[in-house]
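Observations on chain architecture
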Amino acid sequence: MVMGGIDLSVRLGSLELPYPTLMGSGCYGSGEEFAPFADLSKIGAIVLKSVTREPRLGNPTPRLVQTPGGMLNAIGLQNPGIDWYLEHDVAKFANRPCAVIGSVAGFCVDDYAYVCEKLAARDEIAAVEINISCPNVASEGETFACDPGPTGKVVRAVRSTTSKPIVVKLSPNVTDIAEIAREAQAAGADALAVINTVRGMAIDVDRWRPRLGNVTGGLSGPAIRPIAVLAVYEVARAVTIPIVGQGGIETVSDALEFLLAGASAISIGTGNFTDPRIPERILAGLAEYATQRGLASLRDIVGKANVGVLDAGNYEGDQG
Amino acid sequence: MEAVGTSSLVHETTVLDRREPARDVVILVLNAPRFARVTKPGQFLMVVPPHGGAAATALGVYDVDGDRVCLLFFVCGPRTLELAALRAGDRLDCFGPLGNGFDHDAAGGDVAIVAGGVGIASVLLSARALRGRDARVGLYYGARNAARLVEAQRFADEGCELHLATDDGSAGHRGPVTELLSRDLATRDTIRANAPMSILACGPTPMLRAVARIAAQHDVRAQLSLEETFACGVGGCWGCVVALDANSAQAPPFPGPDRHGSDTVHARICKEGPVFWSHELRW
């Protein structure tokens with residue numbers, strides 16, 4: 001959409017969004033929870049909470065711990081399962097004043113394909129995010145995103161079930177995220193969400209026990225922003241498909257870092273917990289920034305700070 | 001001066017006054033007509049951190065007076081430390097009110113209000129609402145020490161009989177406040193058998209568990225306002241759940257017992273609660 005003469009639209013595969021601001025999966029419910037506090041017509045898309053093949057009660061409590069500059073969570077993919085979801089929830093998404101992107105999680109390749117096919121078949125769902133990177137479910141949860149082989153298998157499987165855009169959400173808890181990004185693109189992903197939460201834990205020094213019921217959790221918030229910016233930077237050098245940058249975005253300056261690193265869109269998760277007005281403020285701030293810089297479109301700055309990597313061998317500065 | 005932030009129900013308020021009735025216990029008086037008009041006893045506000053960088057803080061609405069809303073909190077971490085530094089004239093953004101408060105219509109007969117520590121922040125509006133009923137209202141109030149037993153007189157002014165307890169015995173009964181409740185309920189059983197009675201409680205989880213146990217022993221219905229860390233505060237993240245009887249009227253519609261072979265569901269404390277019937281909790 002053009003706002004103040006600036007083209008803010010972004011394309012994820014065949015899906016064109018009016019604004020480059022998405023609401024992160026698991027952080028925004030289905031949108032209705034935040035509707036009294038935020039203008040949903042001023043966001044690009046809501047990414048829904050992940051749904052799995054079978055219903056899940058989720059992890060034991062406590063599921064949240066506040067930490068410096070962010071928080072740990074270990075919700076454990078609590079959801080009603082795809083059948084209940086299709087029957088009771090999905091029809092409500094038709095009324096949202098913004099695009100709705102479904103999110104699929106699973107425990108084997110077949111799970112992903114099964115849920116994706118059913119979800120993507122619904123008109124209310126504009127695109128599907130594939131959550132191969134949840135750090136909070138036992139064993140299998142994150143392993144798909146930690147290895148190019150399984151990543152490719154899942155993405156090929158879901159690709160065969162739908163022609164709707166597929167966004168693959170990558171994990172930062174890997175050695176080489178670029179390698180996994182390349183595999184996801186080769187397997188048919190239309191876009192990549194970079195990054196999911198960073199594994200972490202907190203310990204109660206009075207009780208001598210981990211604070212989270214799940215023991216480990218996923219760290220989000222401003223604390224992980226530099227990790228996320230670097231991940232976007234590295235992925236942008238490895239793929240040609242659009243990147244949705246995410247990790248601790250709270251201000252327009254934060255959002256710009258991700259765009260300049262190579263993201264075409266950004267996603268806000270934990271920032272909504274700080275202030276539900278943050279997405280609208282960032283959108284207005286992006287338009288204002290583009291105006292001040294004389295840009296016709298935000299696309300003009302995507303990746304503009306991505307100057308490659310320093311080759312230490314050729315570095316001619318201080319050798320100390 | 002209160003302004004509406006964009007199109008949302010997030011409102012700007014102004015700090016009118018700040019009191020510190022005890023060390024690390026702070027009461028902020030806000031000019032907040034939009035919240036004052038609609039807040040019900042037991043509801044909470046999400047307070048936006050003045051400098052960002054952390055999730056908003058859920059604070060029970062302590063008092064409402066005309067256009068004024070009072071928030072009472074303990075300083076116990078960086079977020080409350082930041083709020084404690086606010087002074088008269090400072091701006092503070094909040095959203096809400098949120099959650100389902102206490103149901104006074106369902107609280108029949110004489111009422112025991114049980115508050116532990118900062119739980120006192122969520123029960124003053126109930127004490128006031130129950131005043132004028134043809135019933136006795138007792139405040140069972142426990143704190144670490146006499147200094148932390150803040151605002152007790154406010155409840156006496158609202159017509160509550162005070163039953164005080166401290167961990168160190170510096171005021172009232174020495175020990176958990178639930179010992180007082182238990183003793184009085186036992187006495188009551190002997191002198192006024194079958195007298196209707198209800199409990200409203202807010203405080204730390206161990207206290208609430210004790211209240212639930214005592215309520216069950218004496219066949220008294222108790223409404224408990226649960227304490228938990230929130231992230232979103234509006235039901236979007238499922239971070240603050242508690243196990244609840246699947247047949248409770250407060251149970252979220254999924255996943256039902258037919259799907260899990262169990263009679264327990266996870267309910268969101270911020271959305272379905274924070275007040276639950278003690279006999280419906282499966283904790």
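None of the values given here were measured: they were computed from a predicted structure. (Residues numbered from 1 in each chain as written. Chains lettered and ligands numbered in written order. Predicted model: local features only at pLDDT ≥ 70, side-chain atom pairs only at ≥ 80, totals over all residues. Heavy atoms only, no water.)

Residue and element names in this part refer to chain B. As summarised here, the arrangement of the six strands in space is S1-S2-S5-S4-S3-S6, forming a closed barrel in which the pairing is antiparallel. Going across the sheet, the axis of each strand differs from the next one's by a mean of 45°, ignoring polarity. In this sheet, strand S6 (residues 91–98) lies alongside strand S1 (residues 10–22) in antiparallel orientation, the contact comprising five bridges. Across the sheet, the residue bridging to Glu12 is Asp93, located in S6. (Pairing = 2+ DSSP bridges. Helix = DSSP H or I, 4+ residues; strand = E, 2+ residues; numbered from the N terminus. Axes fitted to C-alpha atoms, helices over the stretch in contact; angles between N-to-C directions.)

Here the focus is the interface of chain A and chain B. Listed per partner, the contact involves 37 residues of chain A and 39 residues of chain B. Buried area between chain A and chain B, both sides added, is near 3100 Å², and the carbon and sulfur share of it is 62%. The interface formed by chain A and chain B contains one salt bridge. Salt-bridge contacts for B:Asp93 lead to A:Arg277; the nearest nitrogen and oxygen are separated by 2.6 Å. The tally of links between chain A and chain B comes to 10 residue pairs in polar contact (both at pLDDT 80 or more). Contributing elements (two or more residues each) for the side of chain A that touches chain B: strand S7 (64–67), strand S8 (70–73), helix H1 (82–88), helix H8 (271–274) and helix H9 (278–293) of chain A. Across the side of chain A that touches chain B, the residue classes tally to 16 nonpolar, 10 polar and 11 charged. (Contact = heavy atoms within 4.5 Å. Buried area = accessible area lost by both parts, 1.4 Å probe. Salt bridge = Lys/Arg side-chain N within 4 Å of Asp/Glu carboxyl O. Polar contact = N/O pair within 3.5 Å; in protein donor to acceptor, adjacent residues only side chain to side chain. Nonpolar A, V, L, I, M, F, W, Y, C, P; charged D, E, K, R; others polar.)

Moving on: the pattern of salt bridges. Residues and elements named next belong to chain B. Evaluation of the coordinates by the stated rule reveals 29 salt bridges over all chains. Here Arg91 and Glu12 are joined by a salt bridge, their closest N and O atoms 3.4 Å apart. Here Glu12 lies in strand S1 and Arg91 lies in strand S6, a separation of 79 residues in the sequence. Using a relative accessible area of 45% as the deciding quantity, one classes Arg91 as partly exposed. Glu158 is the salt-bridge partner of Arg131, the closest N and O atoms lying 3.5 Å from each other. A residue pair is termed long-range when its members are at least 10 positions apart, and Arg131 in the loop between helix H3 (124–130) and strand S8 (137–143) and Glu158 in the loop between helix H4 (152–157) and strand S9 (161–166) qualify at 27 residues. For Arg131, a relative accessible area of 48% corresponds to the partly exposed category. (Buried < 20%, exposed > 50% of the residue type's maximum accessible area, 1.4 Å probe, protein only.)

Moving on to the packing of helix H7 (residues 252–261) of chain A against H9(A). All names here are of chain A. Orientation of H7 relative to H9, taken along the N-to-C sense of each, is 65°, at an axis distance of 9 Å. The two elements H7 and H9 cross, and the hand of that crossing is right-handed. Contacts between H7 and H9 pair Val252, Ala255, Leu256 and Leu259 from the former with Ile282, Gly285, Leu286 and Tyr289 from the latter. Per-class residue counts for the contact of H7 with H9 are seven nonpolar, one polar and no charged. (Left-handed = near helix turned anticlockwise from the far one by under 90°.)

Glancing now at a nonpolar patch on the surface. On the surface, a cluster of nonpolar side chains totalling about 380 Å² of accessible area is made up of A:Met201, A:Ile203, A:Val205 and A:Val215. With respect to the element layout, A:Ile203 can be found in strand S14 (residues 203–204). (Patch = residues over 30% accessible without salt bridge, like charges linked within 9 Å, V, L, I, M, F, W, Y side chains within 5 Å. Areas by Shrake-Rupley, 256 points an atom, 1.4 Å probe, with all protein chains shown as cover.)

Another aspect to go through is the environment of B:Val220. All names here are of chain B. Mapped onto the elements of the fold, Val220 is located in the loop between helix H6 (205–217) and strand S12 (221–225). Owing to a relative accessible area of 12%, Val220 belongs among the buried residues under this scheme. Expressed as a C-alpha distance, the spacing of Val220 and Arg188, which sit 32 residues apart in the sequence, is 12 Å. If sequence neighbours within four positions are ignored, Val220 has contacts with Leu185, Met197, Ser198, Ile199 and Ala215.

In this section: the pairing of strand S2 (residues 25–31) of chain B. Residues and elements named next belong to chain B. Among the seven residues that make up S2, seven are buried, leaving the element largely enclosed by the rest of the structure. Of the two faces of S2, the one carrying Val25, Ile27, Val29 and Asn31 and the one carrying Val26, Leu28 and Leu30 are both buried. Pairing of S1 with S2 involves six bridges; the strand directions are antiparallel. Within the sheet, the bridge partner assigned to Asp17 lies in S2 and is Val29.

Quick look at the packing of aromatic side chains now. Evaluated as defined, the whole model comprises five aromatic pairs over all chains. When the ring of A:Tyr28 is compared with that of A:Phe34, the centres are 4.4 Å apart and the planes differ by 5°; the resulting orientation is stacked. Using a relative accessible area of 0% as the deciding quantity, one classes A:Tyr28 as buried. Residue A:Phe34 is classed as buried on the basis of its relative accessible area, which comes to 0%. Seen from their ring centres, A:Phe37 and B:Phe95 are 5.2 Å apart, and the 55° between their planes marks the pair as tilted. Of the two residues, A:Phe37 sits in the loop between strand S5 (21–23) and strand S6 (45–47) while B:Phe95 sits in strand S6, which places them in two different chains. Stacked on the ring of A:Tyr114, the Lys or Arg A:Arg53 has its end atom at 3.8 Å from the ring centre. (Phe/Tyr/Trp six-rings, centres within 6.5 Å; stacked < 30°, edge-to-face > 60°. Lys NZ or Arg CZ within 6 Å of the ring centre and 35° of its normal.)

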